[in-house]
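Each chain, written out:
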Amino acid sequence: MAAPGRHIGHSVQRNGRFILYNLEQLLGHRGFGWTSALRQQAAEANKESTESVVIPRKKTWSREAVLEALASTVSRDPTAYPYQFQDDPYLSPRTSTEFKLFSLSQESGRSAAKYIVNNNPKLFTKDFAEPHIPCLMPETVSLRLEEVSEEALKERITLRKVTAAVDMYDQLLQAGTTVSMETTHSLLDLICLYSDRDPVQDGEPQTDDAEFGEELKKRKARVRRASDFLKFTWKENNNAERIFNLLPERDTRCYSALIRGMVKHGAYAKAFSMYTDMLNNRLTADVHIFNALISGAPDVRDKFNERWDLVAELLNQMNQQKVRPDLLTFNSVLKALRRCGFLAKTQALHTLNEMKALGIGNTAIRVLLPGVLQASLIFFSECVCVCVCVCAAPSLASYDHILAVFYKSASSAQNNTDLLQEVIAELEGRIFTCQDPDDVLFFSSAMRICLDSKDLELGYKIQSLVDVGENWRLLGDSFQQSIYYGRFFNLLCMMEHIDVVLKWYKQIIPSLYYPNPQGMRDLLQALDTDSRLDLLPSIWKDIKTLGHDNKPDLVEELLSLMAREKHSSEVQESFAACALDVKSVFDLRPSIEWSAASLSHITTLLLRANKTRQAWEMLQLFKSRNRVPSEGLLNNFLSVCHSDGDSQKAVQLVQLSAAFCLPTTWRLAKRALAEFELTEEQRAILSELETAGEPSD
């Protein structure tokens, strides 16, 4: 591919010089000739053309370059289900519940297959793939080295066998073998990462030990704390602490492993105690230790000012120990500020100014420091870290923390929108990679601000940013993604025209988003606002497909919109068919309780479509379901009977009203006597009902 390009380049360069030379000679022989200026320009052009064009002899492509090129030629199919389900059309989810069930089932099956393959590698020795695909072959998960050696310890660490690695380490110590510091570091990292427990392997059944079960019961019996949401907590005097205490020499890396493990698993006070012990041993902390301690600072102090004082003290110690902060350091500070109450806004400005001084996204930081706030900025002198500038840019988590701080403390929603607009203008067109675990929270938080402020234009800008490159990967897992698209769809339903709403509805549902009942309720309100109630029957089909037909409140709202006012005969026919479909769904689910409003709405819709027989059947349901029809419904039914000339049905209607002991019975009987041609028997029945129900003066 490079050779033909090189030949073309040489050909263009050679032919260009040839044409320029002949043109100059031709014009030189003509009477008008060239001016000096033209000759100077031609000489400069000729000089530029003689410069060599450097074409690389070889272009290095990634392994996925061809697939990426092919993928760029097609766009996402909004009518297709997510790609992960396309291998098995039978398991294509239609609802959010099915999506969760099928995705977990698929992942469980994949993990079970992987567990069987990895634990029985002798049964899967043939390699049919050409070329060889390592990821399809069994992984080495069983221990091969049984002798007591450091290599065996490294093997157990690599395979994440926590208990086996600790046992091997103890055997090495008993044998008098010295373990290298590098291997000890890896062992401490492994133990602290998994809180001294063996991680669950793919496909292996997960079992909780008795100690964890008792600990879980204690958590439920007390007030919930932040550490209660952790899967595992730090056990007192675990193997990490025991091995640490056995070390003859402890360096910063050893302390770093324990401190980060303690913070990760909720032992915040113990982490600060370990840090104090490290300082007493005259050791210097690394940036990872400070990042962990800053993130855990709000959990060891109760008051807002005490929390920030502790963070400031850690920043001072970073300066004294000449530890250069990184992006995660400032993100940890900003995240801690979110839990510092009224101090958050002011100190966030100081942190942003410090990030700007260190060269972390100068342009972006100027965006986050509006003119009004920048004028009142006081330098954070006690926490200034005089370090070498680091060339980095804020991650999405940085912007998320800043928006959270200023959105809570700002006086009006307009200021918050202005700040977010500046942020989006700075981020526009950029492709992001995940640099912080909290990066996946930015888009949903930004869309929440747009929803609260009802800023549709800004919401569109955020969605455009999501569509750039593979930024959609930073929406998070399926739950976070549903939150983002739910807020975006809610914003569309409130602020956009219904035609545009329906366009987005078809584009993101169900390929990207399975709306919850509230989302469908927002869509119904949008249809009502723009007077497009004729689309309600098609929306009912989607409600059934999405599995929300078992939500009585949502179904009742749909029926109320259809029964609120009269429409054309064609629309009324479609409404009646939809009402009968709703009735069939309710009949198949005895657990769903009929409300009087739902029964009334369906009966009204059937009456307007001249389906008197089905409407009369609905009236019988009132009695069987212990529900009472309204006076307006009975009057409407009596009017339909009059238009049909059905006097017998009118008499039965009055008798049904009397069976419900309704106070309006005598008025219905009086009206029937006046408007219908009755037999003597029918007139006698109605006269008796009128006399029995008419109130006495």
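Nothing here was measured: the structure is a model prediction, and the numbers come from that model.

Here we look at the overall build of the protein chain
Summing up its helical and strand segments, the protein chain has 33 helices and zero strands in all. Looking at the protein chain as a whole, 41% of its 697 residues are labelled buried. For the protein chain, the proportion of contacts with a sequence separation of at least 24, taken over those separated by at least 6, is 67%.

Notes on helix α10 (residues 252–264)
Counting along an α-helix, one turn takes 3.6 residues, and residues three or four places apart therefore face a common direction. Along its 13 residues, α10 runs 18 Å from first to last C-alpha, staying within 8% of the 18 Å computed at 1.5 Å per residue. Within α10, 10 of the 13 residues are buried, leaving the element largely enclosed by the surrounding structure. Where α10 is buried, its residues touch α7 (181–193), α9 (239–246), α11 (268–280) and α12 (287–296). Two residues or fewer past α10, G266 is found with a positive phi of approximately 90°.

A few points about the environment of F575
With respect to the helices and strands, F575 occurs in helix α27 (residues 569–588). Judged by relative accessible area, which is 0%, F575 ranks as buried. Taking the C-alpha atoms as reference points, F575 and L605, separated by 30 residues in sequence, lie 6.6 Å from one another. Leaving out residues up to four positions away in the same chain, F575 has contacts with L533, D534, L536, P537, M562, H567 and L605.

A word on the packing of helix α31 (residues 647–659) against helix α32 (residues 665–675)
Between α31 and α32, whose axes approach to 9 Å, the crossing angle comes to 170°. By the angle between their directions, the pair α31 and α32 is classed as roughly antiparallel. Across from V654, S657 and A658 in α31, the residues of α32 making contact are T665, L668, A669 and A672.

Comments concerning the state of the cysteines
In protein chemistry, a disulfide is the covalent bond that joins the sulfur atoms of two cysteines. Summed over all chains, the structure comprises zero disulfides. The structure places no disulfide on C254, whose sulfur is separated from the nearest cysteine sulfur, that of C192, by 9.8 Å.

Things to note about the nonpolar core
Ranked by internal contacts, the top residues of the largest apolar core, which has 165 residues, are F442 and F443. Tallying contributions element by element places α27 first for this core, with eight residues. Residues within four places of F443 in sequence aside, it is in contact with L396, I462, L465, V466, N471, L474, L475 and Y484.

Looking at the pattern of salt bridges
Enumeration over the complete set of coordinates arrives at 25 salt bridges. In this structure, K270 and E241 form a salt bridge, with 3.8 Å as the shortest nitrogen-oxygen distance. Placement of the pair is K270 in helix α11 and E241 in helix α9, with a sequence separation of 29 residues. R339 is the partner of D299 in a salt bridge, and the nearest nitrogen-oxygen pair spans 3.2 Å. Taken as a pair, D299 in the loop between α12 and α13 (304–320) and R339 in the loop between α14 (327–337) and α15 (344–357) lie far apart in primary sequence, 40 residues in all. Judged by its relative accessible area of 27%, D299 is partly exposed.

What about the UniProt feature "repeat: PPR" (unreviewed entry) in the protein chain?
In this structure's numbering, the residues bearing the UniProt feature "repeat: PPR" (unreviewed entry) are residues 251–285. Taken end to end, residues 251–285 is 74% helix and 0% strand, and its two terminal C-alpha atoms sit 10 Å from one another.

Focus: the side chain of T184
Along the chain, T184 falls in helix α7. Of note is the side chain of T184, whose polar atom sits 2.9 Å from the backbone oxygen of S180. Sequence-distant contacts of T184, that is, excluding residues within four places in its chain, are made with Y169, V179 and L247.

Notes on α9
Within α9, burial applies to A240, E241, I243 and F244. All buried residues of α9 lie within an arc of 165° about the axis, which places them on one face of the element. For α9, the secondary structure elements touched by its buried residues are α6 (162–174), α7, α10 and α11.

So, a negative patch on the surface
Residues D302, E306, D309 and E313 make up a contiguous surface patch of negative charge. Considering the arrangement of structural elements, one finds D309 in helix α13. On the basis of relative accessibility, which here comes to 46%, the residue D309 falls in the partly exposed class.

With respect to unusual backbone geometry
For the bond running from I509 to P510, omega is 5°, close enough to zero to count as cis. Structurally, the position occupied by P510 is in the loop between α23 (498–508) and α24 (517–529). With phi around 60°, R282 is a residue other than glycine that occupies positive phi space. If you trace the backbone, R282 turns up in the loop between α11 and α12. At S531, a position not held by glycine, the phi torsion is positive, near 55°. Along the chain, S531 falls in the loop between α24 and α25 (536–545).

Some words on a nonpolar patch on the surface
Side chains of Y115, I116, L123 and F124 sit close together on the surface and give an oily, nonpolar patch of about 390 Å² of accessible area. Within the element layout of this structure, L123 appears in the loop between α4 (96–119) and α5 (150–158).

A word on the side chain of H185
Structurally, H185 can be placed in helix α7. Given a relative accessible area of 9%, H185 falls into the buried group. Those residues in contact with H185 that sit more than four places away from it in its chain are D251, R253 and C254.

Looking at the environment of L535
Following the sequence through the fold, L535 ends up in the loop between α24 and α25. A C-alpha to C-alpha distance of 9.6 Å links L535 and S574, two positions 39 residues apart in sequence. If we skip the residues at most four places from it in the chain, L535 touches L502 and L527.

Brief notes about the packing of α9 against α10
It is the contact of α9 with α10, at a shortest axis distance of 11 Å, that shows an interaxial angle of 160°. In terms of orientation, α9 and α10 fall into the roughly antiparallel class. The interaxial crossing formed by α9 with α10 has left-handed handedness. Residues A240, E241 and F244 of α9 pack against C254, Y255, L258 and M262 of α10. Class assignment of the residues belonging to the contact of α9 with α10 gives a composition of six nonpolar, no polar and one charged.

Regarding the packing of aromatic side chains
Across all of its chains, the model carries 14 aromatic pairs by this definition. Summarising the aromatic geometry, the rings of F488 and W504 are spaced 5.0 Å apart at their centres and angled 90° between planes, so their arrangement reads as edge-to-face. One end of the pair, F488, is in helix α22 (residues 478–495); the other, W504, is in helix α23, with 16 residues separating them in the sequence. The exposure classification of F488 matches that of W504, with both residues buried. For R250, the ring lying beneath its charged end belongs to F244, and the centroid distance is 4.9 Å.

Rules behind the numbers
- Residues numbered from 1 in each chain as written.
- Predicted model: local features only at pLDDT ≥ 70, side-chain atom pairs only at ≥ 80, totals over all residues.
- Heavy atoms only, no water.
- Helix = DSSP H or I, 4+ residues; strand = E, 2+ residues; numbered from the N terminus.
- Buried < 20%, exposed > 50% of the residue type's maximum accessible area, 1.4 Å probe, protein only.
- Contact = heavy atoms within 4.5 Å.
- Expected span 1.5 Å × (residues − 1).
- Axes fitted to C-alpha atoms, helices over the stretch in contact; angles between N-to-C directions.
- Parallel < 35°, antiparallel > 145°, perpendicular 65-115°, else oblique.
- Disulfide = S-S within 2.5 Å.
- Core = buried A, V, L, I, M, F, W, Y, C linked by side-chain atoms within 4.5 Å.
- Salt bridge = Lys/Arg side-chain N within 4 Å of Asp/Glu carboxyl O.
- UniProt positions renumbered as here; feature names shortened; annotations may be inferred.
- Polar contact = N/O pair within 3.5 Å; in protein donor to acceptor, adjacent residues only side chain to side chain.
- Arc of directions from axis to C-beta.
- Patch = residues over 30% accessible without salt bridge, like charges linked within 9 Å, V, L, I, M, F, W, Y side chains within 5 Å.
- Areas by Shrake-Rupley, 256 points an atom, 1.4 Å probe, with all protein chains shown as cover.
- Lys, Arg positive; Asp, Glu negative; His and termini not counted.
- Charge placed at Lys NZ, Arg CZ, Asp CG, Glu CD.
- Left-handed = near helix turned anticlockwise from the far one by under 90°.
- Nonpolar A, V, L, I, M, F, W, Y, C, P; charged D, E, K, R; others polar.
- Phe/Tyr/Trp six-rings, centres within 6.5 Å; stacked < 30°, edge-to-face > 60°.
- Lys NZ or Arg CZ within 6 Å of the ring centre and 35° of its normal.

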